[in-house]
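Chain by chain, the residues:
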Amino acid sequence: MDRDFKMTATTLFGLESVLAEELKKLGAQDIKEAVRSVSFRGDKGFMYKANIALRTAVRILKPIKTCKIYDEEDLYESIQKIKWENYLDAEGTFAIGAVVNSKNFTSNSHYISLKSKDAIADYFRHKYHKRPNVDLKYPDVKIHIHIQKDWLTVSLDSSGDSLHKRGYRTATNIAPINEVLAAGMVLLSGYTGDENFIDPMCGSGTILIEAAMIANNIPANINRKLFAFENWKDYDEDLYFTIQDALLKKIRSSHFKIMGFDKAPSAVQKAKANVISANLEEFIGVHHVNFFNSTKEVFGNTTILFNPPYGERLNIDTNEFYKKIGDTLKHNYPGSTAWLITSDIDALKSVGLRTSKRIALKNGDLDCKFVKYELYEGSRKLKKNEVSI
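Quick caveat: nothing in here was measured; it's all calculated off a predicted structure.

Conventions we followed
- Residues numbered from 1 in each chain as written.
- Predicted model: local features only at pLDDT ≥ 70, side-chain atom pairs only at ≥ 80, totals over all residues.
- Heavy atoms only, no water.
- Helix = DSSP H or I, 4+ residues; strand = E, 2+ residues; numbered from the N terminus.
- Rg over C-alpha atoms; globule rule 2.2 N^0.38 Å.
- Buried < 20%, exposed > 50% of the residue type's maximum accessible area, 1.4 Å probe, protein only.
- Contact = heavy atoms within 4.5 Å.
- Areas by Shrake-Rupley, 256 points an atom, 1.4 Å probe, with all protein chains shown as cover.
- Lys, Arg positive; Asp, Glu negative; His and termini not counted.
- Charge placed at Lys NZ, Arg CZ, Asp CG, Glu CD.
- Pairing = 2+ DSSP bridges.
- Axes fitted to C-alpha atoms, helices over the stretch in contact; angles between N-to-C directions.
- Phe/Tyr/Trp six-rings, centres within 6.5 Å; stacked < 30°, edge-to-face > 60°.
- Lys NZ or Arg CZ within 6 Å of the ring centre and 35° of its normal.
- Salt bridge = Lys/Arg side-chain N within 4 Å of Asp/Glu carboxyl O.
- Parallel < 35°, antiparallel > 145°, perpendicular 65-115°, else oblique.
- Left-handed = near helix turned anticlockwise from the far one by under 90°.
- Nonpolar A, V, L, I, M, F, W, Y, C, P; charged D, E, K, R; others polar.

## Details of the overall build of the chain
Turning to step 1, where the next piece is worked out: If you tally the helices and strands in the chain, you get 11 helices and 15 strands.
Turning to step 2, where the next piece is worked out: Against the compact-globule benchmark of 21 Å for 389 residues, the chain has a radius of gyration of 24 Å, which places it among compact chains.
Turning to step 3, where the next piece is worked out: The principal-axis extents of the C-alpha atoms in the chain amount to approximately 85 × 45 × 40 Å.
Turning to step 4, where the next piece is worked out: Counting every position in the chain, which comprises 389 residues, the buried fraction comes to 53%.
Turning to step 5, where the next piece is worked out: Residue pairs in contact within the chain that sit at least 24 positions apart in sequence constitute 77% of those at least 6 positions apart.
Turning to step 6, where the next piece is worked out: Surface summary for the chain: the accessible area is close to 18,900 Å², and the carbon and sulfur share equals 49%.
Turning to step 7, where the next piece is worked out: Side chains of the chain give 55 positive and 49 negative charges; the mean places of these two sets differ by 3 Å.

## Topic: the sheet that holds strand β11 (residues 284–288)
Turning to step 1, where the next piece is worked out: Taken together, 7 strands build an open sheet; the order of strands is β11-β10-β9-β12-β13-β15-β14 and the sheet is mixed. Both outer strands of the open sheet, β11 and β14 (357–363), are each paired with one neighbouring strand and no more. Neighbour-to-neighbour, the strand axes of the sheet open up by a mean angle of 20°, direction not taken into account.
Turning to step 2, where the next piece is worked out: Sheet topology note: the strand β12 (residues 302–306)/strand β13 (residues 336–342) ladder contains 5 bridges and is parallel.

## Notes on the packing of aromatic side chains
Turning to step 1, where the next piece is worked out: This model, assessed by the stated rule, comprises 20 aromatic pairs.
Turning to step 2, where the next piece is worked out: Chaining the aromatic ring pairs together yields one cluster made of Y48, F227, F229, Y235, Y240 and F241.
Turning to step 3, where the next piece is worked out: When the ring centre of F5 is taken as origin, the NZ or CZ atom of K62, which lies over that ring, is 4.3 Å away.

## Focus: the side chain of E72
Turning to step 1, where the next piece is worked out: Of note, E72 is situated in helix α3 (residues 72–80).
Turning to step 2, where the next piece is worked out: Buried charge without a salt bridge: E72, with K115 as the nearest opposite-charge side chain at an N-O distance of 7.3 Å.
Turning to step 3, where the next piece is worked out: Once residues lying within four places of it in the same chain are set aside, the contact partners of E72 are F105, S107, Y111, I112 and K115.

## Description of the sheet that holds strand β2 (residues 29–34)
Turning to step 1, where the next piece is worked out: Spatial strand order, β2-β3-β1-β4-β8-β7-β5-β6: 8 strands in an open sheet with mixed pairing. Each edge of the open sheet carries a strand with a single partner, namely β2 and β6 (133–134).
Turning to step 2, where the next piece is worked out: Pairing analysis gives 4 bridges linking β2 to strand β3 (residues 37–42), with the strands arranged antiparallel. Note that in β3 the partner of A34 across the bridge is S37.
Turning to step 3, where the next piece is worked out: Packed onto the sheet, helix α2 (residues 44–53) meets β1 (5–10), β3 and β4 (59–68) and runs at close to 10° relative to β1.
Turning to step 4, where the next piece is worked out: Together, β5 (93–101), β6 and β7 (141–148) form the strand contacts of helix α4 (residues 109–128), whose direction differs from that of β5 by roughly 135°.

## Points about the packing of helix α5 (residues 179–189) against helix α6 (residues 206–215)
The relative placement of two packed helices is expressed as an angle between their axes plus a distance between the axes.
Turning to step 1, where the next piece is worked out: Look at α5 against α6: their axes get within 9 Å of each other, and the N-to-C directions meet at 55°. In terms of axis orientation, α5 runs oblique to α6. α5 and α6 meet at a crossing whose hand is right-handed. Contacts from E179, A182, A183, M185, V186 and L187 of α5 reach α6 at T206, I207, E210, A211 and I214.
Turning to step 2, where the next piece is worked out: The residue makeup of the contact of α5 with α6, split by class, is 8 nonpolar, 1 polar and 2 charged.

So, in structure tokens, the structure goes:
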């Protein structure tokens, strides 16, 4: 039986607790949250499972060495002491990424990557008289160097491409939302598939697709073509397919509506193409509708979650635009819970609704707020009475 080992799942700022909860439900041990990452323990099969199933992880790292270092020479020597032939062939290819957060190292992360690459190349040259080549696009092994103060961690990246690249997105709009962020927002909202779901400004449909995968318990990365661990020397294909089959057996069917609106026909087309690519057309309806002219046409509780355009994406009066969002929600969507993300914190004041929750997130480099509005059944009627007095 495979022994447990430590792993680290990286994530986006603000999603650490969501990722920790995902790991707990998946069966991880010894879960510890940090900034933009969560460490945990599991075996090889769990590493495969984490890559296939986690919605809010960016990558899954397997540390192979941790030690104290004080300068670039220490870095070089520490990396040279790893038995690299256990992970990489002399005829193979590799790539290195580095993150440095230390006063001891004035060099940038690119230089640290180069120094680490030299250490690995020299290791093979001295021992085997030949060395593996660097391949930044399709390496056999991807290595992650992390320096925090005077601690070095060398890890193998089991994911390869960032896990936000799910494999279903064929068409995108300007500034599409990252899939990991979209899934994180849906999970933060508490939506589980037991009520209706609407994205009223759906763009290329990412939030809708992530919501539908959550509602039906479909593994996040089931459409991925390749994970980095499939190139590893100890890759166990039978175990991988056993894990994948077990996850697929847990898929369920949600019978509530998941709907997306967009006023741009091109966005509707792209969203529909992505929904088909994700094999979710039976669960998601995408409609050419201007949200500001729409009303709630579904019965029962409804989660509304969206990423309205902001900043450089809006060539109109931002405050007026956000006021219309608030008015439409208040008058036309009673009995709903609305969530929206924005970096335009000033414009949020124009929504004119009281927020019941505010969560700090990042969308790329933008500091954002993810806010919640409770829209009660009586709000439409109350407004009519107010007007008539």
